[in-house]
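Per-entry structural report
Here are the chains, one letter per residue:
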Amino acid sequence: MSQQQFCFCTLALGKVYRGLASLLAKDLELYSPNTAFIVLTDNPQEFSKYPQVLAFQHQQQGVKCYHDKRFAIAKALSLFNSCIFIDSDMRILAPIPEYIEWLLEPGISARACMDMPKKFAKALTKTDKYFSKEIEVIKKAAQFLNLDPECENVTFVHEYLFSVTKSAGKEIEFLETWEILAKYFELNGVYEGEGNAIGLAAYKAGLPVRWSEMSGISFFNNKTELIKIQKGQSNMDEMLTYFQEHGKLAHPKRSTLEKIVFKLSKAIMHVYRAIKYRVVTSL
């Protein structure tokens, strides 16, 4: 598959994530200069200096922005046969090959995923009431789609890095079903874990989901990198610069007053979006 047949895509809303996505854009300019990078953002002008970035205006649609990733994928698939969604706070570490064999196979390839029943089992070991609620809503969502509520054949997708390749229109049904599920989950108070919706929507649409090593893509993700370091699979000294750059943007220094104002503003916006979302959805 040539680089003209696929692209990278991400969602970058707000100053922090625009800054992080800019670092990712620089990585792709260095390591995959002929590959388009589609960015849905609230300030496209900020990406005008990156020649391979196709930035499109987007305002947050959900109560939280997690399910808005579907819009980036939809835009990417309107222009390319395949897209690789990558979270905006990640980095690319090495050159990307021009030919990526695993992108040829229709459907979803995920760097990390698991059978949904396994996710259910893991949730049972946790005492947090949110996880119990999440599992309850997943099962109800499955029933809403006329699927097995135990989700025996559904695959949960860890959404930080995965690809979608067109599959005779099944990708369209996948995105349409994800939209339905985005509303269902958020109206039922589950705002995160979009990998649940991805798995359910893909199964409903008949779009295959498979684990892939994603050979050819060397990446940095601060959470997974810490796990790799603990397992002796990575080295903190070698990754320190990436952790520092991520931390500087993701967790900017604020005074005590600024922290209070930030948290208060965030809480108020969440309540506002939740009320607005219910009103707009009901209409």
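Conventions adopted
Residues numbered from 1 in each chain as written. Predicted model: local features only at pLDDT ≥ 70, side-chain atom pairs only at ≥ 80, totals over all residues. Heavy atoms only, no water. Helix = DSSP H or I, 4+ residues; strand = E, 2+ residues; numbered from the N terminus. Rg over C-alpha atoms; globule rule 2.2 N^0.38 Å. Buried < 20%, exposed > 50% of the residue type's maximum accessible area, 1.4 Å probe, protein only. Contact = heavy atoms within 4.5 Å. Areas by Shrake-Rupley, 256 points an atom, 1.4 Å probe, with all protein chains shown as cover. Lys, Arg positive; Asp, Glu negative; His and termini not counted. Charge placed at Lys NZ, Arg CZ, Asp CG, Glu CD. Expected span 1.5 Å × (residues − 1). Pairing = 2+ DSSP bridges. Axes fitted to C-alpha atoms, helices over the stretch in contact; angles between N-to-C directions. Polar contact = N/O pair within 3.5 Å; in protein donor to acceptor, adjacent residues only side chain to side chain. Phe/Tyr/Trp six-rings, centres within 6.5 Å; stacked < 30°, edge-to-face > 60°. Lys NZ or Arg CZ within 6 Å of the ring centre and 35° of its normal.

1. Topic: the overall build of the protein chain
- Of the regular secondary structure elements, the protein chain holds 9 helices and 11 strands.
- Rg of the C-alpha trace for the protein chain: 19 Å, near the compact-globule value of 19 Å for 283 residues, within the 12% margin.
- Sorting the 283 residues of the protein chain into buried and exposed places 47% on the buried side.
- Taking as baseline every contact in the protein chain between residues at least 6 positions apart, the subset at least 24 positions apart corresponds to 78%.
- Total accessible area computed for the protein chain in this model is approximately 14600 Å², and 54% of it derives from carbon and sulfur atoms.
- Here the protein chain contributes 35 positive and 31 negative side-chain charges, whose respective centroids are spaced 7 Å apart.

2. Description of helix H6 (residues 194-205)
- For H6, with 12 residues, the first-to-last C-alpha span of 16 Å sits near the 16 Å given by 1.5 Å per residue.
- Burial runs high along H6: 10 of the 12 residues are buried.
- Of all the residues in H6, the buried ones are Glu-194, Gly-195, Asn-196, Ala-197, Ile-198, Gly-199, Leu-200, Ala-201, Ala-202 and Ala-205.

3. Some words on the sheet that holds strand E10 (residues 209-211)
- The 7 strands are arranged E3-E2-E1-E4-E9-E6-E10 in an open sheet whose pairing can be described as mixed. Where the open sheet ends on each side, the last strands, each with one partner, are strand E3 (53-57) and E10. With direction set aside, neighbouring strand axes in the sheet form an average angle of 25 degrees.
- Where strand E1 (residues 6-12) and strand E2 (residues 37-41) come together, 5 bridges link them in parallel fashion. Across the sheet, residue Phe-8 finds its bridge partner in E2, namely Phe-37.

4. Topic: the side chain of Ser-234
- Topologically, Ser-234 is positioned in the loop between helix H7 (222-230) and helix H8 (236-250).
- A polar contact of 2.5 Å, which involves the side chain of Ser-234, links it to the side chain of Glu-225.

5. Focus: the packing of aromatic side chains
- Evaluation of the coordinates by the stated rule reveals 8 aromatic pairs.
- Ring geometry for Phe-47 against Tyr-50: centres 6.4 Å apart, planes inclined by 50 degrees, an arrangement best described as tilted.
- Taken together, the ring pairs in this structure connect Phe-220, Tyr-242 and Phe-243 into an aromatic cluster.
- The ring of Phe-56 is capped by Lys-75, whose NZ or CZ atom sits 4.6 Å from the centre of that ring.
- Across the ring face of Phe-156, the terminal group of Lys-119 is positioned such that the distance to the ring centre comes to 4.2 Å.

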